[in-house]
Amino acid sequence: MKPAAFEYHRARSVAGAVGLLTELGDDAKVVAGGQSLVAMMNFRLARPEHLVDITHIEGLSGIRREGDTLRIGALTTHHAVEKAELGDFGVLSRAMRWVGHLPIRTRGTVGGSIAHADATAEWCLLAVLLEARIVAEGPGGRREIPAEEFFLGPFTTALEPDELIVELVFPRPAPRAALTEYADRKGDFALVAAAVDLDTDRVVLGGVGSTPVSADCPSSGTSHSRPPVSWADAAAEIAASLELRDEPGISAHYRRGLVRTLVERACQEASRGC
């Protein structure tokens, strides 16, 4: 299918993009890499009357370290993060291997993934796991929204219609963090995803709710090694605590099993620091 008719607008600055969004109102959508929005438009799942293209705005891409803080511009592609040497933020680059296929990673953007708010998306899970702040700019200036408060429901965020995501801020390193997931085919959307940070004993799950779901790792501690059985026990306890229901094509029992396996696998990977 082809998308419904729309009017195209190219923004040259953040202020220009915000001005267009303010003027055009709820009928406008921002497009950058277009890897999610364009597909939805082609299936007529989204029918914006106006598209505001922000790909030509300078200064919205790039990765920079400021002490223990990492800043990633909204137009930074997944592949740029995948190739970056991020040191103790390495979980971000390693997680990119799960994002679609290479052509998608070279076009899709970090800000676009966050704005799309798919509950299984890697960036959404990582943002919640590492307590990131989403920096948005609107008519009233810039504001920072904690990731925990940003994702409100299925494909729904705290972003106002006239606001634009400009940056993600990760406030602390995560040398012992990992993300893993399972999909029926490589590159497909994950059925379940699990992200773990052993330094905060935190687990964030995708595919088990309408937003990323946080959980504490049972029997938590800060030691740098544990017997593998403890990871299995922790994963089983987290899986058992979830309220899941059968859905077309996947039972609650099967999804719970995926949670258990993926949490254990992520804990093992995070404990190795790789």
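Our subject is the structure that appears above.
Residues numbered from 1 in each chain as written. Predicted model: local features only at pLDDT ≥ 70, side-chain atom pairs only at ≥ 80, totals over all residues. Heavy atoms only, no water.

Participant: Lay out the pattern of salt bridges in plain terms, naming residues and giving numbers.
Facilitator: As enumerated under the stated definition, the model contains 16 salt bridges in all. A salt bridge links Arg 71 to Glu 167; its shortest N-O distance comes to 2.9 Å. Here the residue Arg 71 occupies a position in strand β5 (residues 69-73), and Glu 167 occupies one in strand β10 (residues 164-170), the gap between them amounting to 96 residues. Arg 71 sits in the buried class, given a relative accessible area of 17%. Given the relative accessible area of 9%, Glu 167 is considered buried. In this structure, Arg 133 engages Glu 144 in a salt bridge whose closest nitrogen and oxygen atoms are separated by 2.5 Å. With Arg 133 in strand β6 (residues 133-138) and Glu 144 in strand β7 (residues 141-146), this residue pair connects regions lying 11 residues apart in the sequence. The exposure class assigned to Glu 144 is partly exposed, which follows from its relative accessible area of 43%. (Salt bridge = Lys/Arg side-chain N within 4 Å of Asp/Glu carboxyl O. Helix = DSSP H or I, 4+ residues; strand = E, 2+ residues; numbered from the N terminus. Buried < 20%, exposed > 50% of the residue type's maximum accessible area, 1.4 Å probe, protein only.)

Participant: Lay out the nonpolar core with the relevant residues and their values.
Facilitator: If you look at the biggest cluster of nonpolar residues, it comprises 41 residues, and the most contacted ones within it are Leu 92, Ile 114, Trp 123 and Phe 170. Here this core takes seven residues from helix α7 (residues 122-129), the largest share from any one element. Leave out the neighbours within four places in its chain, and Phe 170 touches Asp 68, Thr 69, Leu 70, Ile 72, Phe 89, Leu 92, Trp 123, Leu 126, Ala 127, Leu 130 and Ala 132. If you look at the next biggest cluster of nonpolar residues, it comprises 25 residues, including Val 196, Val 208, Ile 238 and Ala 239. (Core = buried A, V, L, I, M, F, W, Y, C linked by side-chain atoms within 4.5 Å. Contact = heavy atoms within 4.5 Å.)

Participant: Outline the pairing of strand β4 (residues 63-66), listing residues and values.
Facilitator: When β4 meets β5, the two strands line up antiparallel, connected through four bridges. The residue of β5 that forms the bridge with Glu 66 is Thr 69. Where β4 folds back on β5, the antiparallel hairpin that results is connected by two residues, among which Gly 67 adopts a positive phi of roughly 65 degrees. (Pairing = 2+ DSSP bridges.)

Participant: Can you break down the layout of surface pockets residue by residue, with the values?
Facilitator: In this structure, the largest pocket spans a volume of roughly 1400 Å³. Taken together, 50 residues line the largest pocket, and the ones lying closest to its centre are Ser 36, Leu 37, Gly 112, Ala 115 and His 116. With five residues, helix α6 (residues 110-116) is the single largest residue contributor to the lining of the largest pocket. Of the residues that constitute the lining of the largest pocket, the class distribution is 25 nonpolar, 17 polar and eight charged. Looking at the second largest pocket, its volume works out to about 270 Å³. For the second largest pocket, the full set of lining residues is Ala 117, Asp 118, Ala 119, Thr 120, Pro 154, Phe 155, Phe 189, Ala 190, Gly 209 and Ser 210. (1 Å grid on protein atoms, 1.4 Å probe; cavity = no way out; pocket = protein on both sides within 12 Å on 5 of 7 lines; lining within 4 Å. Points joined across faces, edges and corners; volume = space filled by probe spheres on them. Nonpolar A, V, L, I, M, F, W, Y, C, P; charged D, E, K, R; others polar.)

Participant: Which residues make up the sheet that holds strand β1 (residues 7-10), and what values go with them?
Facilitator: The parallel open sheet is built from three strands, whose spatial order is β1-β3-β2. Bordering the open sheet on either side are β1 and β2 (28-31), each of which pairs with just one other strand. Taking each pair of neighbouring strands and ignoring which way they run, the sheet shows an average axis angle of 25 degrees. In this sheet, strand β3 (residues 50-53) lies alongside β1 in parallel orientation, the contact comprising four bridges. Bridging across to β3, Tyr 8 finds its partner in Leu 51. The strands touched by helix α1 (residues 14-24) are β1, β2 and β3; relative to β3, the strand with the most contacts, the crossing angle is about 170 degrees. (Axes fitted to C-alpha atoms, helices over the stretch in contact; angles between N-to-C directions.)

Participant: Hey, could you go over the sheet that holds β4 for me, with residue numbers and the actual values?
Facilitator: Reading across the sheet, the five strands line up as β4-β5-β10-β6-β7 and stay open at both edges, with antiparallel pairing between neighbours. Here the strands that pair on one side only, and so sit at the sheet edges, are β4 and β7. Geometrically, the sheet is characterised by an average inter-axis angle of 25 degrees between neighbouring strands, direction not taken into account. The sheet contact formed by β6 and β7 spans six bridges and is antiparallel. Looking at the pairing, Arg 133 lines up with Pro 146 of β7.

Participant: Describe the packing of aromatic side chains, naming the residues involved and giving the relevant values.
Facilitator: What describes a pair of aromatic rings is the distance from one ring centre to the other and the angle between the planes of the rings. One pass over the full model with this rule turns up two aromatic pairs. Ring centres of Trp 123 and Phe 170 lie 6.3 Å apart, and the angle between their planes is 45 degrees; this geometry places the pair in the tilted category. Placement of the pair is Trp 123 in helix α7 and Phe 170 in strand β10, with a sequence separation of 47 residues. As far as burial versus exposure is concerned, Trp 123 and Phe 170 are alike and both buried. Ring plane angle 90 degrees and centroid distance 5.2 Å describe the contact between Phe 150 and Phe 151, whose orientation is recorded as edge-to-face. Each member of the pair, Phe 150 together with Phe 151, is buried. (Phe/Tyr/Trp six-rings, centres within 6.5 Å; stacked < 30°, edge-to-face > 60°.)

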